[in-house]
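Structure at a glance
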Amino acid sequence: RRIRAIAAGILGAGVLAAALLHRAASAVPYDLEPEDSKVYLRQLEMMGGKANVMASQFRRGFLSLWQGTNLAWTVLALSAAMALIFYVAATQTGSTARHQRG
């Protein structure tokens, strides 16, 4: 019962933090960046090929996870994963200890 309460607390804290982050980020207007232009992507491809463009887009995609509303979704996903991992690890450890004693 205590394990479920702790897992629920982790998930609840994550949901609350994600909601607050989403609300704060929604108030910020979206800005276009120079990296979004076709001219920039073409120049990037001319300098380093398609691999350079793909690496740049991957880097920008990963970095975008930590900004704005995407940060709220990232926090929500990480807290759900942490709660699940905690719950599974705690219940497996408890059942293993019970089998070893008995």
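Residues numbered from 1 in each chain as written. Predicted model: local features only at pLDDT ≥ 70, side-chain atom pairs only at ≥ 80, totals over all residues. Heavy atoms only, no water.

**A word on the overall build of the protein**
Defined as follows: Strands are runs of DSSP state E lasting at least 2 residues, helices are runs of H or I lasting at least 4, and numbering of each runs from the N terminus. Buried residues are those whose accessible area, probed at 1.4 Å on protein chains only, stays under 20% of the maximum for their type, while exposed residues exceed 50% and partly exposed ones sit between those limits. The contact rule is simple, with two residues in contact once any of their heavy atoms fall within 4.5 Å. Here the open area of atoms and residues is found with the Shrake-Rupley method and a 1.4 Å probe, where only the protein chains shown may cover a residue.
Within the protein one finds three helices and zero strands. Taken from N to C terminus, the helices and strands of the protein fall in the order α-α-α. Split into buried and exposed, the 102 residues of the protein put 12% on the buried side. A separation of at least 24 residues holds for 70% of the contacts in the protein among residues at least 6 apart in sequence. If you sum the accessible surface of the protein, you get close to 8,100 Å²; carbon and sulfur atoms cover 66% of it.

**Overview of a nonpolar patch on the surface**
Convention followed: Candidate patch residues must exceed 30% relative accessible area and have no salt bridge, after which like charges are joined if within 9 Å and Val, Leu, Ile, Met, Phe, Trp or Tyr side chains if within 5 Å. A carboxyl oxygen of Asp or Glu within 4 Å of a side-chain nitrogen of Lys or Arg is what we treat as a salt bridge.
Taken together, the side chains of Phe58, Phe62, Leu63, Leu65, Trp66 and Leu78 define a hydrophobic patch exposed on the protein surface, amounting to about 620 Å² of accessible area. Ranked by residues supplied to the nonpolar patch, first place goes to helix α2 (residues 38–64) with three residues. Note on placement: leucine 78 falls in helix α3 (residues 68–101).

**Brief notes about the side chain of serine 79**
Counted only if it meets this: Within 3.5 Å is the distance limit for a polar contact, defined as a pair of N or O atoms, with the added protein rule that one can donate a hydrogen and the other accept it, and that residues adjacent in sequence qualify only through two side-chain atoms.
Mapping serine 79 onto the fold places it in helix α3. We classify serine 79 as buried; its relative accessible area is 6%. Within polar-contact distance, the side chain of serine 79 engages the backbone oxygen of leucine 76 at 2.9 Å. Contacts of serine 79, omitting those with residues within four sequence positions, involve Ile10, Leu11, Gly14 and Val15.

**A look at helix α1 (residues 2–26)**
To be explicit about the condition: Multiplying 1.5 Å by the residue count of a helix minus one yields the expected span of that helix.
Taking 1.5 Å of rise per residue, the 25 residues of α1 would be expected to cover 36 Å, and the 36 Å separating its terminal C-alpha atoms lies within 8% of that figure. Regarding α1, the residues found buried are Ala7, Gly14, Ala18 and Ala25.

**As for the confidence of the model for the protein**
As a reminder of what qualifies: Confidence scores labelled pLDDT are given residue by residue by the predictor and lie between 0 and 100.
Residues at a pLDDT of 70 or more form 86% of the protein, whose mean pLDDT is 85. Across the protein, α1 holds the top mean pLDDT of 92, while α3 sits lowest at 84.

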